[in-house]
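# Coordinate analysis (summary)
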Amino acid sequence: MNTDNRIIGTYTGESKGPLLLVFGGMHGNEPAGVKALETLFPLLEKEPEDNPDFVFKGRIIGIRGNLKALNARKRFIKKDLNRQWIPENIQRVKSSPLALLDAEDQELLELITLIENEITEYQPQKLIVLDLHTTTAHGGIFSVVTDERDSLDIGVELHAPVVRGLLSGIQGTTLHYFCGDNFDFPVTSVCFESGQHDDPQSVENAIAGIINCMRTIGCVQADHVENKHDKRLQEYSENLPKVTQLLYCHPIREGDNFKMHPGYKNFQRISKGDLLASDKNGKIFSEQDCLILMPLYQAQGDDGFFLIRSIEI
Ligand SMILES: [Zn+2]
């Protein structure tokens, strides 16, 4: 994995279309998205040679998220970059002297400057952000969507379980920021969790996720997309719920000494009374029958686990 540059690749179609920004490594210990983008751009460059009918509408840009943390192979250096996307915070880093900015402030400033320049340059009618992540736990891929219909549609078409309501438990993620409220043209975002941090399959799943997203938003035609990408994600999520809703998020405060009970996987079914974790106040049991998501098995992180339930849409 190369971490020299912020931009992994840019591909511009001959006809105008959406601007798709794909982030990899917003968390530095999650290189799968970066590796997926490093694989994707050479494939896109080669595609017109292999397939003369290939048409691409719009522009896709692959972007490395937290460069310093990627180099250090850590989730973050000072603070979680995926909790900093708050308009007032962005104003603060833009107006502060560089010397006063910590590692993630600098990352945020570089990213926002790059993104604003790309928007000015391409003048898209629509901006879509796909933010690629992985989890510490094994057991399934999923997408996190906003409350907007467009975001849900992209999430559903990724052919992985969609998790709704996750954003209400946390703040300052890319999904909170990249929405219609903060821009004067249509903006939609989706987060794709492509598997466990170090599983090589997570890179393949992320590639499939990006290609599915390009199809859903109309960058590429459906009949130009090999259905192995659909198949791959469908097989991976075969026994998982299609759409789920957040029930509970367990925040971790400094000094909590939070420890997740070992062995939980994403989407594992749990019962009322199951031992989930422990902290300085004692044992933490589930208060309901539900599914568990993102149980935390690493030292850095603000959220211990999420509880979700399956819903119909
Ligand atoms: Zn992440």
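What you see is a predicted model, and the numbers here were worked out from it, not measured in a lab.

Quick look at the packing of helix α3 (residues 87-95) against helix α4 (residues 103-122) now. One can describe the packing of α3 onto α4 by two numbers: an axis separation of 9 Å at closest approach and a directional angle of 95°. As judged from the angle between their axes, α3 and α4 are roughly perpendicular. On α4, the residues touching Asn89, Ile90, Arg92, Val93 and Lys94 of α3 are Asp105, Leu108, Leu109, Ile112 and Glu116. Split by residue class, the contact of α3 with α4 holds 5 nonpolar, 1 polar and 4 charged.

For the rest of this paragraph, the subject is the coordination of the zinc ion. Those protein atoms acting as donors to the zinc ion are His27 (ND1), Glu30 (OE), Glu30 (OE) and His133 (ND1), and they sit at 2.0 to 2.3 Å. Classification of the site at the zinc ion as irregular follows from its 4 donor atoms and the range of 56 to 145° in their angles at the metal. Ordering the donors of the zinc ion by residue number gives the pattern H-x2-E-x102-H. Looking at histidine 27, the relative accessible area reads 4%, which means it is buried.

Another aspect to go through is the environment of valine 243. Here valine 243 shows up in strand β8 (residues 243-251). Sequence spacing of valine 243 and aspartate 131 is 112 residues, and the spatial spacing of their C-alpha atoms is 19 Å.

Time to look at the layout of surface pockets. Taken as a whole, the largest pocket holds about 480 Å³ of empty space. Along the walls of the largest pocket sit 19 residues, with Leu43, Glu47, Ile211, Glu226 and His229 positioned nearest its centre. Listed by contribution, the elements that provide at least two residues to the lining of the largest pocket are α1 (32-50), α7 (200-216) and α8 (228-236). The element contributing the most residues to the lining of the largest pocket is α1, with 7 residues. Here the second largest pocket defines a volume of roughly 250 Å³. Lining of the second largest pocket is provided by 15 residues; of these, Ile252, Arg253, Ala299, Gln300 and Gly301 occupy positions nearest its centre.

Applying the stated rule across the entire model yields 17 salt bridges. The salt bridge partner of glutamate 30 is arginine 75, with a shortest N-O separation of 3.8 Å. Taken as a pair, glutamate 30 in the loop between β2 (15-24) and α1 and arginine 75 in the loop between α2 (67-72) and α3 lie far apart in primary sequence, 45 residues in all. When sorted by exposure, glutamate 30 lands in the same class as arginine 75, which is buried. Measuring nitrogen to oxygen at the nearest pair gives 2.9 Å for the salt bridge that ties lysine 46 to aspartate 50. A residue pair is termed a helical-turn pair when its members lie 3 or 4 positions apart in one helix, as lysine 46 and aspartate 50 do in helix α1 at 4 residues. Taking relative accessible area as the criterion, lysine 46 reaches 43% and is therefore assigned partly exposed. According to the relative accessible area criterion, aspartate 50 is exposed, its value standing at 51%. Within this structure, Glu30, Arg75, Asp80, Arg83 and Asp303 form a network of salt bridges that share partners.

Scanning all chains against the criterion turns up 1 cavity of 30 Å³ or more. The computed volume of the largest cavity comes to approximately 360 Å³. As for the largest cavity, its lining consists of 29 residues, of which His27, Arg75, Arg83, Glu193 and Met294 are closest to the centre. Taken together, the elements giving at least two residues each to the lining of the largest cavity come down to β4 (127-135), α6 (174-177), β7 (187-196) and β14 (303-311). By residue number, the principal contributor to the lining of the largest cavity is β4, which donates 4 residues.

This paragraph deals with the nonpolar core. Of all hydrophobic cores here, the largest spans 42 residues; its most connected members are Leu20, Leu44, Phe56, Ile60, Leu130, Ile210 and Met214. If you list the elements that add at least two residues to this core, you get β1 (7-12), β2, α1, β4, α5 (149-157), β7 and α7. Ranked by residue count, the leading element in this core is α7, at 8 residues. Residue contacts for leucine 44: discarding those within four places in its chain leaves Tyr11, Phe54, Phe56, Ile60 and Met214. Formed by 26 residues, the second largest nonpolar core is a distinct cluster that contains Ile61, Tyr122, Val129 and Tyr177.

With that out of the way, let us pick up the sheet that holds strand β9 (residues 259-260). The strand order across the open sheet built from 3 strands is β9-β11-β12, with neighbouring strands paired in antiparallel fashion. Strands with a single pairing partner mark the edges of an open sheet, and in this sheet they are β9 and β12 (282-285). In the sheet, β9 pairs with strand β11 (residues 275-279) via 2 bridges, with the strands oriented antiparallel. Each bridged residue has a counterpart across the sheet, and for lysine 259 the counterpart in β11 is serine 278.

What counts, and at which threshold
- Residues numbered from 1 in each chain as written.
- Predicted model: local features only at pLDDT ≥ 70, side-chain atom pairs only at ≥ 80, totals over all residues.
- Heavy atoms only, no water.
- Axes fitted to C-alpha atoms, helices over the stretch in contact; angles between N-to-C directions.
- Helix = DSSP H or I, 4+ residues; strand = E, 2+ residues; numbered from the N terminus.
- Parallel < 35°, antiparallel > 145°, perpendicular 65-115°, else oblique.
- Contact = heavy atoms within 4.5 Å.
- Nonpolar A, V, L, I, M, F, W, Y, C, P; charged D, E, K, R; others polar.
- Donors = N, O, S within 2.8 Å, 3.2 Å for Na, K, Ca; no water.
- Tetrahedral: all angles 85-135°; square planar, octahedral: opposite > 155°, others 65-115°.
- Buried < 20%, exposed > 50% of the residue type's maximum accessible area, 1.4 Å probe, protein only.
- 1 Å grid on protein atoms, 1.4 Å probe; cavity = no way out; pocket = protein on both sides within 12 Å on 5 of 7 lines; lining within 4 Å.
- Points joined across faces, edges and corners; volume = space filled by probe spheres on them.
- Salt bridge = Lys/Arg side-chain N within 4 Å of Asp/Glu carboxyl O.
- Core = buried A, V, L, I, M, F, W, Y, C linked by side-chain atoms within 4.5 Å.
- Pairing = 2+ DSSP bridges.

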